[in-house]
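A structural walkthrough
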Amino acid sequence: MKKKIETDEIDIIDVIISIWNNKIRIALITVIFITLSIAQFYVNPSSLRAKTEILPIDIIENNLYEQYNLLSRSPRYNLYSRKIFNLPTGTLGEKDKKEIKSISNNIFNEININYLLSLFLEELRTKDIIVEAIKKYQLIDKKNFDSEDEYLKAVENRALKFVLLKKDDKNDKNRLNWTIEFEVYDKDKWEKALSFIESEANKNVKKYVNLDFDTKLDSLKLHDQFKLEDLNLKIKNVKKDYEIEISNRLAFLKEHASIAREINIEKNNTFEFYDFNNRSYYMRGYGMIEKEIELIETRTNKDAFTENLLDLEKDRRNLLEDKSLKRIEQLFNSTPIVSGNNFKVAEIIYKDTKYVSSSSLTSSILYAGIFGIIFGIFYVFISNAIQQRK
């Protein structure tokens, strides 16, 4: 029993001697591992973590929108305030004036660095452009998939890895720094994809801002059109009301003139002592009443006697001569969104992309060397064990 225990014990000296005697074999195995690792690194390179900065427009470009922004802040470009402004002259109370001053949410958006960058980032967050870029520049090889559905699903999953991160700048807290992070395998393809993403996002933002402005401008124009229709209708109605009122007035006067003639009251010199209400109007005398009838029937300018007509016509004139919408449209058309040849709301600095490899050649060689040595020693032990059994 003692002999068996002794033969089963491992002699460390024998192990070291065995490793030393087979050092060339172990070294050869290690070299093979390292060679295979290097070949694998260059044939199938590991993925790269790409980091790209997004820059918004600068202060100079931002100032090109200042004239438009100043005018767009006017309460004239708020639907509610336009309703107040279009009230008949003299009807604005103190409460209305305070409400006009307090209006800040105008219908037109102020165009500035923050607004344009937020739209640009929103385009990237929707992932539609990212999916299109992955397909267009073959960031995923379609040949590796058995079906179209599998490929599209892989593209969508890859697009979800497109990450937007806000970059903290301790030196400038107000600076709007954002970075794009994405896992790539081909630098050239990725930079072309970024160029495409930047171009498409800028086009989409430009299209949206133009459409948004046109929609809101049309809504204000439509509001003014309805207001003009209402004013025309009111003017037409007050003129109709005048005709009805005058017709009723003439009937009233003729009746009282007839009564005055019947009781032979031509002129009442003491009418200031009477309360001439509708029932006793005949007491004025038929001479005065018939003169009033004559004057009414011979009026050539009926508008001068139509109640509220002047105020309504002033409002209609003000509305027709209002150039506010034309001015805001002219200023908008002068901004880079419309007049700029190379309009950009933000820029992806794809040529300055920083790449970080998930694994380096040095680490690959190091790990391959360690595994090669371990495998070589294990191989030597197995070989010696087989030889001893023989």
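Please refer to the structure higher up on the page.
Residues numbered from 1 in each chain as written. Predicted model: local features only at pLDDT ≥ 70, side-chain atom pairs only at ≥ 80, totals over all residues. Heavy atoms only, no water.

1. Quick notes on the overall build of the chain
Here is the rule we go by: We count a stretch as a helix when DSSP gives it H or I for four or more residues in a row; a strand needs E for two or more, and each element gets its number in order from the N terminus. The classification of residues rests on relative accessible area computed with a 1.4 Å probe and restricted to protein chains. Under 20% of the type maximum is buried, over 50% is exposed, and intermediate values are partly exposed. Contacts are assigned to residue pairs that have any heavy atoms within 4.5 Å of one another. Working definition of accessibility: Shrake-Rupley area with a 1.4 Å probe, residue cover restricted to the visible protein chains.
Looking only at helices and strands, the chain features 16 helices and five strands. Looking at the chain residue by residue over its 390 residues, the buried ones come to 33%. Within the chain, contacts between residues separated by at least 24 positions form 79% of all contacts whose residues are at least 6 apart in sequence. As displayed, the chain offers around 25900 Å² of accessible surface, 54% of which is attributable to carbon and sulfur atoms.

2. A short note on the packing of aromatic side chains
The test is simple: We call Phe, Tyr and Trp rings a pair once their centres come within 6.5 Å, taking the six-membered ring for Trp, and we label the pair stacked below 30 degrees between planes, edge-to-face above 60, and tilted otherwise. Distance and angle both matter: a charge sits over a ring if NZ of Lys or CZ of Arg is within 6 Å of the ring centre and within 35 degrees of the ring normal.
Scanning the entire structure with this criterion turns up ten aromatic pairs. Aromatic rings pair up to connect Tyr-68, Phe-108, Phe-213 and Phe-332 into one cluster. Taking the ring centre of Phe-305 as reference, the NZ or CZ of Arg-299 above it sits at 3.8 Å.

3. Some thoughts on helix 11 (residues 187-262)
Counting along an α-helix, one turn takes 3.6 residues, and residues three or four places apart therefore face a common direction. This is how it is decided: Every helix has an expected span of 1.5 Å times one less than the residues it contains. By the criterion applied in these results, polar contacts are pairs of N or O atoms within 3.5 Å in which, for protein atoms, one can donate a hydrogen and the other can accept it, and in which residues neighboring in sequence qualify only through two side-chain atoms.
Between the first and last C-alpha of helix 11 there are 111 Å, a value that for 76 residues agrees with the 112 Å anticipated at 1.5 Å per step. For helix 11, the N-terminal capping position is held by Asp-186, with its side-chain oxygen 3.0 Å away from the main-chain nitrogen of Asp-188. Looking at the residues trailing helix 11, positive phi occurs at Asn-264, about 60°.

4. With respect to the pairing of strand 3 (residues 178-184)
Going by this rule: We treat two strands as partners when DSSP finds at least two bridges between them.
Counting buried positions along strand 3 gives six out of seven residues, so the element sits mostly inside the fold. Sheet analysis places strand 1 (residues 48-56) next to strand 3, joined by seven bridges and oriented antiparallel. Each residue of the ladder has a partner; that of Lys-51, found in strand 3, is Glu-181. Both strand 2 (residues 163-166) and strand 3 contribute to a ladder of four bridges, which runs antiparallel. Residue Val-163 lies in a different strand from strand 3, and its bridge partner there is Glu-181.

5. Looking at the packing of helix 11 against helix 13 (residues 309-321)
Rules: The angle between two axes is taken between their N-to-C directions and runs from 0 to 180 degrees, where each axis is a line fitted to C-alpha atoms and a helix contributes only its stretch in contact. Angular relationships are summarised with four words: roughly parallel below 35 degrees, roughly antiparallel beyond 145, roughly perpendicular across 65 to 115, and oblique for the angles in between. The crossing is said to be left-handed when, going from far helix to near helix, the turn is anticlockwise and less than a right angle, and right-handed when the turn is clockwise. Under the grouping applied here, Gly and all other residues not named as nonpolar or charged are polar, the nonpolar ones being Ala, Val, Leu, Ile, Met, Phe, Trp, Tyr, Cys and Pro and the charged ones Asp, Glu, Lys and Arg.
Remark: helix 11 packs on helix 13, axes separated minimally by 10 Å, with the N-to-C direction vectors making an angle of 155°. One element, helix 11, and the other, helix 13, form an angle in the roughly antiparallel class. Crossing of helix 11 against helix 13: the hand is left-handed. Judged by residue contacts, Asp-224, Lys-227, Leu-228, Leu-231, Asn-232, Lys-234, Ile-235, Val-238 and Lys-239 of helix 11 engage Leu-309, Leu-312, Glu-313, Asp-315, Arg-316, Leu-319 and Leu-320 from helix 13. Per-class residue counts for the contact of helix 11 with helix 13 are eight nonpolar, one polar and seven charged.

6. Things to note about a nonpolar patch on the surface
Short version of the rule: Excluding any residue in a salt bridge, patches collect residues exceeding 30% relative accessible area, merging like charges within 9 Å and nonpolar Val, Leu, Ile, Met, Phe, Trp and Tyr side chains within 5 Å. A side-chain nitrogen of Lys or Arg and a carboxyl oxygen of Asp or Glu constitute a salt bridge if their distance falls within 4 Å.
Among the surface-exposed residues, Leu-366, Tyr-367, Ile-370, Phe-371 and Ile-374 lie close enough to one another that they form a single nonpolar patch of about 550 Å² accessible area. Within the secondary structure layout, Ile-374 lies in helix 16 (residues 361-389).

7. Here's the deal with the nonpolar core
The tendency in soluble globular proteins is for nonpolar side chains to be buried side by side. To be explicit about the condition: Side-chain atoms within 4.5 Å are what join buried Ala, Val, Leu, Ile, Met, Phe, Trp, Tyr and Cys residues into a set we call a nonpolar core.
Core analysis: the biggest nonpolar cluster contains 54 residues, and Ile-54 and Trp-190 have the highest contact counts within it. For this core, the secondary structure elements donating two or more residues are strand 1, helix 8 (113-125), helix 9 (128-136), helix 10 (148-159), strand 3, helix 11, helix 14 (324-333) and strand 4 (346-348). For this core, the element with the most residues is helix 11, which contributes eleven residues. In this structure, Leu-250, Ile-289, Ile-293 and Ile-296 belong to the second largest nonpolar core, which totals ten residues.

8. Observations concerning the pattern of salt bridges
It is possible for side chains bearing opposite charge to pair when their charged atoms get close. A complete count under the given rule lists 17 salt bridges for this structure. Linking Asp-212 and Lys-216 is a salt bridge whose minimum nitrogen-to-oxygen distance equals 3.3 Å. Remark: Lys-216 and Asp-212 occur in helix 11; sequence separation between them is four residues, near one turn of the helix. Summarising the burial analysis for this pair, Asp-212 and Lys-216 share the class buried. The residue Arg-249 makes a salt bridge to Glu-292 at a minimum N-O spacing of 2.9 Å. Of the two residues, Arg-249 is situated in helix 11 and Glu-292 in helix 12 (residues 286-297); the sequence distance between them amounts to 43 residues.

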